[in-house]
Amino acid sequence: MNQTRFKLSRLALSLSLITGAGALAPVSANDDVAATTDVEVIQVTGIRGSLAKSMDIKRESTGVVDAITAEDIGKFPDTNLAESLQRITGVSIDRSNNEGSKITVRGFGPEFNLVTLNGRQMPTTGGGRSFDFGNIATEGVSGVQVHKTARADVPSGGIGATVNISTARPLANPGLKASVGVKAVHDTSNEVGDDLTPEVSAIFSNTFADDTFGILVSGSVQERNNRAEGMAVDNWIPNVDLSISPDLQLTDNNQRADGNTWYPQNAGYEMLDNDRKRTNGQVVLQFAPSDAFKATLDYTYSKTELDVERVGFGIWFNNGGNVKSATINENGTYVDMTEVNGDFATNLNRNGSASENKSLGLNLEWQVNDALHLELDAHSSEAVSMGTGLGHDAYMIIGNTSWGGNAVHPNATANLETKSAAFTAGGIPVIDFTLTNGQAELLPQDMGSLFGGVSKNEDKNEMDQVQLKGQWLNSSNSALVAIDFGAAYTDTSFRSTNAYSGQLAAGWWLWSADWYPDDMFYRVDTSSLLDQFSGGGSDKKINYFYMADFYDVVDIAESIDCDNVDAGIGACSWPAELGGVFGAGPIDDDHRVSEETLSFYTQARFESEFNGMPINITTGLRYEQTDVTANSLERPAVSMQWVNGNEWAYTYATDRSFSDGEGKTREFLPNVDMNIEIKDDLIGRFSYSRSLTRPPVGALRSTTSFDGNPKVGQRKVTVGNPALKPYTADNIDLSLEYYYQPGSYVSAGYYRKQVENFLVKTTSEENLAGIRDPFIGPRAEQAIADLVAAGLQPTDQAIHDQINANQGTPQGTPITGDENDPLTVFSVSRDTNVETANLWGWELAAQHMFGETGFGVQANATLVYGDVEADVNAIGYQFALPGLSDSANMSLIYENYGLSMRISYNWRDEFLSGFDQHSAPVFTEAYGQWDFNVNYAVTDNLTVFVEGLNITEETQRTYVRFKEQFLRGYQYGARYNLGVRYTF
């Protein structure tokens, strides 16, 4: 009840400010009341000019807004938008293939930040709402604004921030403007692709008919080849029972009171040779027949293609009964273990994916009269990601597949005798193996195929949006400057499909070497692999693996006659419906979620004075209603079978059908922003807002998944929840900014967020789909009575046999529930809105230009706190917020005499990146990167430049719970770009 009153009081406060603030002392109206998202910044040139313009946007904005602007037409500060955004206070980035990909703002990860393009909400793929900045080239971008406080006139969806990408417009910069850039890219890690790859970009803008008509065309084509080296452990298994291992030598130093332990599952190296192509383009047409009307038609296109040739090699840790020796440290982690037998396998992968984005938009602006301005904006946009070629993940695994010389394989010589791994708190684990017969290394004749498979996924997000905006200017002598109002309708549909072949055997481990010529396998030396890590390079004990042509292996595997294999050779399994290893299989999953959102807003702006200090107040209210419809293709369970003893199985419907689900939410989102000029150039700000982020798309699905087999006590079902509410946050911001000279300022800000409706997996006992339980029905009761009367123990197997005897069916006949049996009680888990979290932090920033020397410095730091941190000692599910971390950035610049230079360091502290399949927290370790950029203007039009990224070749490492529970480690090279740009 108190919480309800609190929300109503917030709403009343906002409404009173809207309706009653006219009592403030009036000042003259400001003629320029356009939102900062409408500021055209393409005129800015040079690093210092860009920083100064960004500072002005920060200073003049309502609420807390940071920005980055283009240095010149076709020249953004960084090649990658995310890597530019990380220089903004409070913004950290996630990297994919050592390129900026997604952003975290004030501790809120990519799913909690909304990205708009020219004020339009953009579709996303990947089953979520996070936007991948790696898909957008920067050449056509004129500016990016990061709104850290919510406003009624800004689309909702970002609890962390709303990021608006502004692109160039021809009428905003009349006349002929053009730029052409050519760049050669060299990644020092490259081994397979071209050492130099091209990037070509161009932008052309011109106006005609006395600047009443304009056209702008921009485009870029980029390619990058690189290698990523890595090592991985699949997961850490809790509480493995090693008691069945004979003659186990165990050193147990576990100091945990609960006695829990964790054992590694597999360990191996990998090399990924990546070929990334990115194509971007935009066409803009503008027509302004008078000062009162302007029409803009634009089309934006982007496509990113990634082809990966991956090779992974390593050893399989089976745990259980084949452990020879092991050591457990004080945290319960197995840090050293030796097992017997097994294989040293090579995983040959071919992965192909493409992400494509299209957006067609129309914007109409009409200055009705001196007081009223109207704007209608509509767009239809689509984002698609899909597997290309063989699919997202096509793999064939080869390895040692025989026990050594026998009649069938006279040339085969060895198998693994032992395999071992040692883990430390830093670096990567050291793995090793020994072979039978004292053999030093595996040989080509030991190699054969194990198994393979392929998956093909497609995600599509289609969005249609119409926004009507209006602004009324008050010409009377009062404090009220303007009233903004508007409405929007957004229709969004998500679809995700997946086809998976399953794991297909390609001959069996002990026999398949017979099918493969020895000379198709060749040894690859890996002595320098992962040399930036301790435990890598010269520290490794395994410094080779066997390789073969991927398609040659597939051809031979598919040539095996699975129905008529030679005696003793074994068997294979290529299901006919898949047409071989990589034929087109049926769609396994098809999930669809649709959202229709209708919103209205009003916002009033006031200017006045308080004790002689200018004060500006903006207060608004936004209302949103969202209707969700969800459908998922399913083959539901229709009954349970008691197969035998404690063996159970589901019987599924013959045909698949779409499930149905729906939900509806309503939200009021008030906001108040106030800034006061305490003295010349010293500005204080206060903001309160209520913002929201919609729940993950995957959680909104209408799925019903029957997990595993329905053994007694293990009848578990997972369902989706289309009725989930959005996350909502109450936000307070306080900041002080001092602009003490042109291009220079210092600022300090404090923010606090209380976020409600975080998702928690809850479980309830329910009946589903009329499924009956024969284990506790009248037949089972009668069988128990008969057994007791006969003096027999009513075990599960005995009850099952007695039921068959009583009904005259053969012993071992499966028993299906009938209408006399009670409904089955399932443990049903679903996401529900339960948790509330508090986050707070400090943002510190400084920018200083050293007069006319050309030197300057920009630095910032963000300190974040919250009651959302993960407990590494907790067992089972726990609530924690991924992405929370401190960050800091520093850039040194010089610009004079045609030369401009910048060297930057960006640092992000360790953060929780998610949870593994055992609900254990996964952490990404702290990461820092040095970059530089040097430009020299040969003439007024011609510039040559060189860029360096990750010049110290930093590595990335993740772990589970404790640093010794290594999970992933990746090593990348530095990237250098050399190019020329001609502007006219």
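Residues numbered from 1 in each chain as written. Predicted model: local features only at pLDDT ≥ 70, side-chain atom pairs only at ≥ 80, totals over all residues. Heavy atoms only, no water.

S.K.: I keep staring at the overall build of the protein chain and nothing clicks. Help me out?
M.R.: Looking only at helices and strands, the protein chain features six helices and 50 strands. Only carbon and sulfur atoms are counted for the fraction: they give 54% of the accessible area of the protein chain, which is about 39,800 Å². (Helix = DSSP H or I, 4+ residues; strand = E, 2+ residues; numbered from the N terminus. Areas by Shrake-Rupley, 256 points an atom, 1.4 Å probe, with all protein chains shown as cover.)

S.K.: Any chance you could explain the side chain of Asn 280 here in plain terms?
M.R.: For Asn 280, the location among the structural elements is in strand β14 (residues 267–290). Engagement of the side chain of Asn 280 in a polar contact is seen with the backbone oxygen of Asn 135, the distance being 3.3 Å. Within polar-contact distance, the side chain of Asn 280 engages the backbone nitrogen of Ala 137 at 2.6 Å. Apart from residues no more than four positions distant in its own chain, Asn 280 is found in contact with Asn 135, Ile 136, Ala 137, Ser 218, Gly 219, Ser 220, Tyr 301, Ser 302 and Lys 303. (Polar contact = N/O pair within 3.5 Å; in protein donor to acceptor, adjacent residues only side chain to side chain. Contact = heavy atoms within 4.5 Å.)

S.K.: Before we go on, may I ask you to explain the packing of aromatic side chains in this structure?
M.R.: Any pair of aromatic rings gets described here by the distance separating the centres and the angle formed by the planes. One pass over the structure, following the stated rule, counts 35 aromatic pairs. Ring-pair connections join several aromatic residues into one group, and the members of that group are Tyr 269, Phe 313, Phe 344, Phe 433, Tyr 544, Phe 545 and Tyr 546. In this arrangement the basic side chain of Arg 908 is found over the ring face of Phe 911, its NZ or CZ atom lying 3.7 Å from the centre. (Phe/Tyr/Trp six-rings, centres within 6.5 Å; stacked < 30°, edge-to-face > 60°. Lys NZ or Arg CZ within 6 Å of the ring centre and 35° of its normal.)

S.K.: Hey, could you run me through the packing of helix α5 (residues 778–789) against helix α6 (residues 796–807) in this one?
M.R.: In a pair of packed helices, the angle between the axes and the distance between the axes together describe the arrangement. The contact between α5 and α6 brings their axes to 9 Å, and the two run at 105 degrees. Here α5 lies roughly perpendicular to α6, going by the angle between them. Between α5, through Arg 779, Ala 780, Gln 782, Ala 783, Ile 784, Asp 786 and Leu 787, and α6, the contact on the second element is made entirely by Ala 798, Ile 799, Gln 802, Ile 803, Asn 806 and Gln 807. Here the residues of the contact of α5 with α6 sort into seven nonpolar, four polar and two charged. (Axes fitted to C-alpha atoms, helices over the stretch in contact; angles between N-to-C directions. Parallel < 35°, antiparallel > 145°, perpendicular 65-115°, else oblique. Nonpolar A, V, L, I, M, F, W, Y, C, P; charged D, E, K, R; others polar.)

S.K.: Help me understand a negative patch on the surface in this model?
M.R.: Judged by side-chain charge, Asp 549, Asp 552, Asp 555 and Glu 558 come together as a negatively charged surface patch. Mapped onto the elements, Glu 558 comes out in helix α4 (residues 550–559). On the accessibility criterion, Glu 558 (33% relative accessible area) is partly exposed. (Patch = residues over 30% accessible without salt bridge, like charges linked within 9 Å, V, L, I, M, F, W, Y side chains within 5 Å. Salt bridge = Lys/Arg side-chain N within 4 Å of Asp/Glu carboxyl O. Lys, Arg positive; Asp, Glu negative; His and termini not counted. Charge placed at Lys NZ, Arg CZ, Asp CG, Glu CD. Buried < 20%, exposed > 50% of the residue type's maximum accessible area, 1.4 Å probe, protein only.)

S.K.: Would you mind showing me how to read the environment of Tyr 865 here?
M.R.: Examined against the element boundaries, Tyr 865 turns out to sit in strand β41 (residues 855–866). In this structure the C-alpha to C-alpha distance between Tyr 865 and Arg 752, which are 113 residues apart in sequence, comes to 9.4 Å. Setting aside anything within four residues of it in sequence, one finds Tyr 865 in contact with Asn 838, Leu 839, Trp 840, Gly 841, Trp 842 and Leu 884.

S.K.: I keep staring at unusual backbone geometry and nothing clicks. Help me out?
M.R.: Excluding glycine, most residues fall at negative phi; most peptide bonds, likewise, are trans. Positive phi, close to 55 degrees, is recorded for Asn 97, a residue that is not glycine. According to the relative accessible area criterion, Asn 97 is buried, its value standing at 16%. One non-glycine residue with positive phi stands out, namely Asp 681, at about 75 degrees. Within the secondary structure, Asp 681 is located in the loop between β33 (661–679) and β34 (682–693).

S.K.: Help me understand the pairing of strand β24 (residues 480–500) in this model?
M.R.: Every regular strand shows the same layout, with side chains that alternate between the two sheet faces. Bridge count between strand β23 (residues 447–473) and β24: 19 bridges; the pairing is antiparallel. Across the sheet, the residue bridging to Trp 472 is Ile 483, located in β24. (Pairing = 2+ DSSP bridges.)

S.K.: Looking at this structure, I do not really get the sheet that holds strand β31 (residues 647–652). What am I missing?
M.R.: Strand pairing in a sheet relies on backbone hydrogen bonds. The paired strands run either parallel or antiparallel. An order of β31-β30-β39 is seen for the three strands of this open sheet, with the pairing classed as antiparallel. On the outer flanks of this sheet lie β31 and β39 (815–816), each paired with one strand and no other. Here two bridges tie strand β30 (residues 637–644) to β39, and the two strands are oriented antiparallel to one another. Across the sheet, residue Trp 642 finds its bridge partner in β39, namely Ile 815. Across the sheet, α6 is in contact with β30 and β39; its angle to β30 comes to roughly 105 degrees.

S.K.: Just checking my understanding: could you explain the side chain of Glu 99 for this structure?
M.R.: Mapped onto the secondary structure, Glu 99 falls in strand β3 (residues 99–105). Leaving out residues up to four positions away in the same chain, Glu 99 has contacts with Asn 80, Glu 83, Asp 94, Arg 224, Arg 276 and Arg 975.

S.K.: What's the story with the sheet that holds strand β22 (residues 430–435) in this structure? I'm lost.
M.R.: An order of β12-β16-β17-β21-β22 is seen for the five strands of this open sheet, with the pairing classed as mixed. This sheet does not close on itself; its edge strands, each paired only once, are β12 (249–252) and β22. Going across the sheet, the axis of each strand differs from the next one's by a mean of 5 degrees, ignoring polarity. Alignment of β12 against strand β16 (residues 323–328), held across four bridges, turns out to be parallel. Opposite Gln 249, over in β16, you have Ser 325 as the bridge partner.

S.K.: Explain the environment of Phe 208 to me, please; I cannot follow it from the model alone.
M.R.: With respect to the element layout, Phe 208 can be found in strand β9 (residues 197–208). A residue is classified by how much of its surface remains accessible, and Phe 208, at 36% relative accessible area, is partly exposed. Considered as a pair, Phe 208 and Leu 176 are 32 residues apart in the sequence and their alpha carbons are 9.4 Å apart.

S.K.: Please explain α6 as it appears in this structure.
M.R.: Count 3.6 residues to each turn of an α-helix, and residues three or four apart come out pointing the same way. The terminal C-alpha atoms of α6, which comprises 12 residues, lie 17 Å apart, in line with the 16 Å expected from a rise of 1.5 Å per residue. Each element contacted by the buried residues of α6 is listed here: β30, α5 and β39. (Expected span 1.5 Å × (residues − 1).)

S.K.: I tried to follow the pattern of salt bridges on my own but got confused; where do I start?
M.R.: Side chains that carry opposite charge are capable of pairing whenever their charged atoms lie near each other. Under the criterion given, the structure shown has 45 salt bridges. The closest approach of N and O atoms between Lys 148 and Glu 843, which form a salt bridge, is 3.2 Å. Here Glu 843 lies in strand β40 (residues 826–849) and Lys 148 lies in the loop between β6 (141–147) and β7 (161–167), a separation of 695 residues in the sequence. Just as Lys 148 is buried, Glu 843 falls in that class too. Here Arg 690 ties to Asp 730 by a salt bridge, and the two come within 3.0 Å at their closest N and O atoms. Placement of the pair is Arg 690 in strand β34 and Asp 730 in strand β37 (residues 727–741), with a sequence separation of 40 residues. For the pair formed by Arg 690 and Asp 730, the shared burial category is buried. Connected through salt bridges with shared partners, the residues Lys 58, Asp 66, Arg 106, Lys 148, Asp 733 and Glu 843 form a single ionic network.

S.K.: What should I look at first to understand the pairing of strand β36 (residues 716–719) in this one?
M.R.: Side chains of β36 alternate between two faces, with Val 717 and Val 719 buried and Lys 716 and Thr 718 left unburied. As paired elements, strand β35 (residues 704–707) and β36 share four bridges and run antiparallel to each other. Within β36, the residue paired with Phe 706 across the bridge is Val 717.

S.K.: How do you make sense of helix α2 (residues 47–60) when you look at a structure like this?
M.R.: In this model α2 runs 20 Å from its N-terminal to its C-terminal C-alpha over 14 residues, within 8% of the 20 Å that 1.5 Å per residue would give. Looking at α2, one finds that the buried residues are Ile 47, Ser 50, Leu 51, Ser 54, Met 55, Ile 57 and Lys 58. Take α2 and look down its axis: the buried residues cluster within an arc of 160 degrees, on one side only. (Arc of directions from axis to C-beta.)

S.K.: Is there a simple way to think about the environment of Ala 152 in this case?
M.R.: With respect to the secondary-structure elements, Ala 152 resides in the loop between β6 and β7. Exposure remark for Ala 152: the relative accessible area of 1% places this residue in the buried category. Along the backbone, Ala 152 and Leu 621 are 469 residues apart, and their C-alpha atoms lie at a distance of 5.5 Å. If near-sequence neighbours (up to four positions away) are discounted, Ala 152 is found in contact with Tyr 601, Thr 602, Gln 603, Gly 620, Leu 621, Arg 622 and Asn 671.

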